[in-house]
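So the chains spell out like this:
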Amino acid sequence: MPYGQYGPPSGPRPGGTNVLAVLSLVFAFVFSPAGIVLGHLAKRQIRRTGEEGDQLATWGLILSYVVTGLGLLACCGWIALVVVAGNSDPTY
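The structure presented is a predicted model; accordingly, all values stated were derived computationally and were not measured.

Colleague: Requested: an account of helix H3 (residues 54-86), with residues and values cited.
Modeller: The end-to-end C-alpha distance of H3 is 48 Å, a good match for the 48 Å that 33 residues give at a rise of 1.5 Å each. Burial in H3 covers these residues: Ala57, Gly60, Leu61, Ser64 and Thr68. Where H3 is buried, its residues contact helix H1 (19-30) and helix H2 (32-49).

Right, dumping it as structure tokens:
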């Protein structure tokens with residue numbers, strides 16, 4: 001190779017932002033359990049390929065876990081309300 005010319009870069013080249021990381025963030029608000037799965041898959045893929053989007057995947061995971069937790073809390077509260085209302089004495 002002549003002086004001053006460079007060969008191809010070595011190692012894997014990052015291909016932009018990881019699609020699963022973006023989907024994790026979107027699904028955090030649409031269907032949060034899917035956002036959790038996509039976030040973990042994105043983190044593993046980013047570690048392997050070196051793509052960008054690690055912070056997107058992290059925020060997707062955080063928001064998905066928070067929304068899932070709030071949903072579970074709301075369901076438990078609704079069930080508790082139904083149980084308390086069902087056990088109330090109907091005396092006026």
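The discussion continues.
Colleague: Go over the confidence of the model for the protein chain with me, naming the residues and quoting the values.
Modeller: Taken over all residues, the pLDDT of the protein chain has a mean of 88, while the share at 70 or more is 83%. For the protein chain, H3 is the element with the lowest average pLDDT, namely 95, and H2 is the one with the highest, namely 97.

Colleague: How would you explain the pattern of salt bridges if you had to name every residue and give the values?
Modeller: A full pass over the atoms with the stated rule returns one salt bridge. Lys43 serves as the salt-bridge partner of Asp54, at 3.0 Å between the closest nitrogen and oxygen. Residue Asp54 is located in helix H3, and its partner Lys43 is located in helix H2; the two are separated by 11 residues in the primary sequence. Residue classification places Asp54 among the partly exposed positions, given a relative accessible area of 37%.

Colleague: Let's hear about a nonpolar patch on the surface: which residues, and what values?
Modeller: Nonpolar side chains collect at one region of the surface, where Val22, Val26, Phe29, Val30, Phe31, Leu56 and Val67 lie side by side and expose about 620 Å² of accessible area between them. Of all the secondary-structure elements, those providing two or more residues to the nonpolar patch are H1 and H3. Counting residues per element, the nonpolar patch draws most heavily on H1, at four residues. Among the structural elements, Val22 can be located in helix H1. A relative accessible area of 37% means that Val22 is categorised as partly exposed.

Cut-off values and rules
Residues numbered from 1 in each chain as written. Predicted model: local features only at pLDDT ≥ 70, side-chain atom pairs only at ≥ 80, totals over all residues. Heavy atoms only, no water. Helix = DSSP H or I, 4+ residues; strand = E, 2+ residues; numbered from the N terminus. Expected span 1.5 Å × (residues − 1). Buried < 20%, exposed > 50% of the residue type's maximum accessible area, 1.4 Å probe, protein only. Contact = heavy atoms within 4.5 Å. pLDDT = per-residue confidence, 0-100. Salt bridge = Lys/Arg side-chain N within 4 Å of Asp/Glu carboxyl O. Patch = residues over 30% accessible without salt bridge, like charges linked within 9 Å, V, L, I, M, F, W, Y side chains within 5 Å. Areas by Shrake-Rupley, 256 points an atom, 1.4 Å probe, with all protein chains shown as cover.

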